[in-house]
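# Overview (structure and organization)
Each chain is listed here by its residues.
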Amino acid sequence: MSPSPAGIRLDRSRDGARADLRIAIPPANVLSLAALAELARAVESAKDARVLVLSGLPKAFSAGVDVADHVPEPEPIRRMLSAMRELLETLVSTPPITLASVSGACLGGGAEIVAACDLAVCSDDARIGFPEITLACFPPGGIALLPALIGEARAAEWILAGRVVSGSEAERAGFVSRAVPSARLEEEIDRLAARLAGHARGGLGAARDLLRARRREALATRLSAAEEAYRGLASDGDLAKAVRDFGRRK
């Protein structure tokens, strides 16, 4: 299947057990509102698979949401928050086991997507983090999901300092399941996906739901407050200046 106009491609294995969802928006997989909506629809359409593998380009899983959608006005911010919420909630409720294959840059909204997945394997030289604070804002999905993954203290450091870490450090922190040399990433993903697809659906599904409970709870209890605080930035002059400055650097 060729990529959609938004740059999203969904393929199925012949037996239907595995679905591959690829973000292909050169050069850095920056996610527009249309791409976020298309991702959510693609995840929903793959619900009959046993394993859903999410991947990007070799140099970028995703560099995050388009900075243009951070324009500090109420309606653009509302649309961006709504699109990301829909995608994250779809990921933590879809029946297949979700497996992220991460290489290159995985930043901001891209890292939020990975945080919502059941499993993630990355290349050891991937660059992973939440640099939104450098744009005078923060990642609402990261605020909700990251503490459950890597602990409150480390989550605070990553978000407040805008840290971007290597794939190897992300593995040590517990953000990803495993970091491997980039030349082995595809092989490792294929091996793990095949193993997951071979398990009995009932047992796999029950374990999946129990393991997802913390992420579902985090989105249900923490995301709304983070979104409300983010909407408050619509009148923040620092955000407006940061977005303008970023546009000049492009």
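Residues numbered from 1 in each chain as written. Predicted model: local features only at pLDDT ≥ 70, side-chain atom pairs only at ≥ 80, totals over all residues. Heavy atoms only, no water.

## A few points about the overall build of the chain
Scanning the chain from N- to C-terminus turns up nine helices and twelve strands. At 17 Å, the chain has a C-alpha radius of gyration in line with the 18 Å of a compact globule built from 250 residues. Dimensions of the chain along its principal axes, counting C-alpha atoms only, are 55 × 35 × 30 Å. Burial status across the chain gives 52% buried among its 250 residues. On the chain, roughly 11,200 Å² of surface is accessible, and the fraction owed to carbon and sulfur atoms is 54%. (Helix = DSSP H or I, 4+ residues; strand = E, 2+ residues; numbered from the N terminus. Rg over C-alpha atoms; globule rule 2.2 N^0.38 Å. Buried < 20%, exposed > 50% of the residue type's maximum accessible area, 1.4 Å probe, protein only. Areas by Shrake-Rupley, 256 points an atom, 1.4 Å probe, with all protein chains shown as cover.)

## A look at the packing of aromatic side chains
Under the defined criterion, the tally for this structure stands at three aromatic pairs. Measuring from ring centre to ring centre gives 6.4 Å for F130 and F175, while their planes differ by 85 degrees; the resulting arrangement is edge-to-face. With a gap of 45 residues between them, F130 in the loop between strand 10 (127-129) and helix 4 (140-150) and F175 in the loop between helix 6 (167-173) and strand 12 (178-180) connect regions that are remote in the sequence. Counting every residue linked through ring pairs, the aromatic cluster contains F130, W158 and F175. (Phe/Tyr/Trp six-rings, centres within 6.5 Å; stacked < 30°, edge-to-face > 60°.)

## Looking at the pattern of salt bridges
According to the stated counting rule, one finds 19 salt bridges in the structure shown. Linking E38 and R41 is a salt bridge whose minimum nitrogen-to-oxygen distance equals 2.9 Å. On the criterion of helical spacing, the pair formed by E38 and R41 is a turn pair, its members being three residues apart in helix 1 (residues 33-45). We note a salt bridge from R163 to E157, for which the minimum N-O separation is 3.4 Å. Here E157 falls in the partly exposed class, since its relative accessible area comes to 39%. Each member of the salt-bridge network shares a partner with another, and the members are R178, R184, E188 and R191. (Salt bridge = Lys/Arg side-chain N within 4 Å of Asp/Glu carboxyl O.)

## A few points about the state of the cysteines
Tallying each qualifying case throughout the model produces zero disulfides. In this structure C106 is a free cysteine whose sulfur lies 8.5 Å from that of C122, the closest cysteine sulfur available. (Disulfide = S-S within 2.5 Å.)

## What to know about the sheet that holds strand 2 (residues 18-23)
An order of 1-2-4-7-9-12 is seen for the six strands of this open sheet, with the pairing classed as mixed. Since the sheet does not close on itself, it has two edges, and those belong to strand 1 (8-12) and strand 12, each with one partner. Within this sheet the neighbouring strands show an average axis-to-axis angle of 20 degrees, counted without direction. Pairing geometry for strand 9 (residues 119-123) and strand 12, over three bridges, is parallel. Across the sheet, residue V121 finds its bridge partner in strand 12, namely R178. (Pairing = 2+ DSSP bridges. Axes fitted to C-alpha atoms, helices over the stretch in contact; angles between N-to-C directions.)

## Section: the nonpolar core
Counting residues in hydrophobic clusters, the biggest one holds 68 residues, and the most contacted among them are L21, V102, I128, W158 and F175. Considering every element that reaches this core, the biggest residue donor is helix 2 (residues 74-91), with eight residues. The contacts of F175, once residues within four sequence positions are left out, are A111, V114, A115, I128, F130, L146, L149, I150, W158 and A170. Listed in part, the 14 residues of the second largest apolar core include A17, V53, A193 and L196. (Core = buried A, V, L, I, M, F, W, Y, C linked by side-chain atoms within 4.5 Å. Contact = heavy atoms within 4.5 Å.)

## With respect to the sheet that holds strand 10
The four strands are arranged 5-8-10-11 in an open sheet whose pairing can be described as mixed. Each edge of the open sheet is held by one strand with a lone partner, namely strand 5 (60-62) and strand 11 (164-166). Across this sheet, the average inter-strand angle for adjacent strands is 20 degrees, counted without regard to direction. Bridge count between strand 8 (residues 105-107) and strand 10: three bridges; the pairing is parallel. The partner of C106 across the bridge, within strand 10, is I128. Helix 3 (residues 109-116) contacts strand 5, strand 8 and strand 10 of the sheet and is inclined by roughly 85 degrees relative to strand 8.

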